[in-house]
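Here is how the chains run, residue by residue.
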Amino acid sequence: MNNRYIGALILAPFLLLIFLGGWYLKAAVLFLSFRGLFEYFHVVRKKGHSPVSFIGYSVLLSYYAVVLFVPDPLAHVGVLIALMTAVLFIYMVFDEKINIADVGITVSGFVYTGVLFSFLILLGDKEQGMYYVPLVFVISWVCDTLAYYSGRLFGKHKLNERVSPKKTVEGAVGGLLGGTIGALILGYFISAESGANIAHFAIIGLMGAFFGQIGDLAASAIKRYAGEKDYPKLIPGHGGVLDRFDSILFVALIVYVYTTYVL
């Protein structure tokens, strides 16, 4: 059996946990965040950097304790990042192997894989969270699918060859259309229950598809910088968490921002 199909079979029950919401969603996201941070640190080490892993994991654990048990967790993110930065600077002063680049990489790893993934939990905790978490995945998946086939059928102009040689402008446009269509289809069925006009779903889908593709390119840029083709493999045929969920990180952020500050 093709490895991608085996990987899909492995992913299916895991995704079911995410869609069930509640503590199933929280446990799944916690795993994704820690595994994502491991993959991020692993790749940047290939370039010769030395992220301070134990501080990164400790702050990540502290952050999720806040997310899971403290009201308004985002109000505390700034303090955590400030404390993390201060501790890392102290560490840098007394460890000559650590430099300012390692400090920045450690902090950015926490934000990238910790804070961004946590928006799935924050969405799930919203009043209409049972609709918004699936919306993130629908936008991402339909965007990816239409981007792939649009690129294969119509792709002529390279989007960003330095970062991702196979991606094309035509594929990106197809992805934008796909994300919008996916959000509209879901919105058609849930707009009354969610309390949001269907036009909002079109806007969320378009914005989500745009930033989801940026998330995909960002993950590729990190790998190319480190000279790696994939993140450490976890899912057969799908690579690592950051290979499979790279666009989800940014789509979750956009859906959270829009549903919090616009709806």
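The structure presented is a predicted model; accordingly, all values stated were derived computationally and were not measured. (Residues numbered from 1 in each chain as written. Predicted model: local features only at pLDDT ≥ 70, side-chain atom pairs only at ≥ 80, totals over all residues. Heavy atoms only, no water.)

### Quick word on the pattern of salt bridges
Scanning the entire structure with this criterion turns up five salt bridges. Measuring nitrogen to oxygen at the nearest pair gives 2.8 Å for the salt bridge that ties Arg35 to Glu39. Within this pair, Arg35 and its partner Glu39 are both found in helix H2 (residues 22-45), separated by four residues, close to a single helical turn. As far as the burial class goes, Arg35 and Glu39 line up, both buried. Between Asp243 and Lys223 there is a salt bridge, with the nearest N and O atoms lying 2.9 Å from each other. Of this pair, Asp243 sits in helix H9 (residues 241-244) while Lys223 sits in helix H8 (residues 198-226), placing them 20 residues apart in sequence. When sorted by exposure, Asp243 lands in the same class as Lys223, which is buried. (Salt bridge = Lys/Arg side-chain N within 4 Å of Asp/Glu carboxyl O. Helix = DSSP H or I, 4+ residues; strand = E, 2+ residues; numbered from the N terminus. Buried < 20%, exposed > 50% of the residue type's maximum accessible area, 1.4 Å probe, protein only.)

### Some details on helix H7 (residues 169-194)
Tyr188 marks the point of greatest bend in H7, at about 55 degrees. Among the residues trailing H7, Gly195 stands out with phi positive, at a value near 80 degrees. (Bend = angle between axes of the 7 residues up to and from the residue.)

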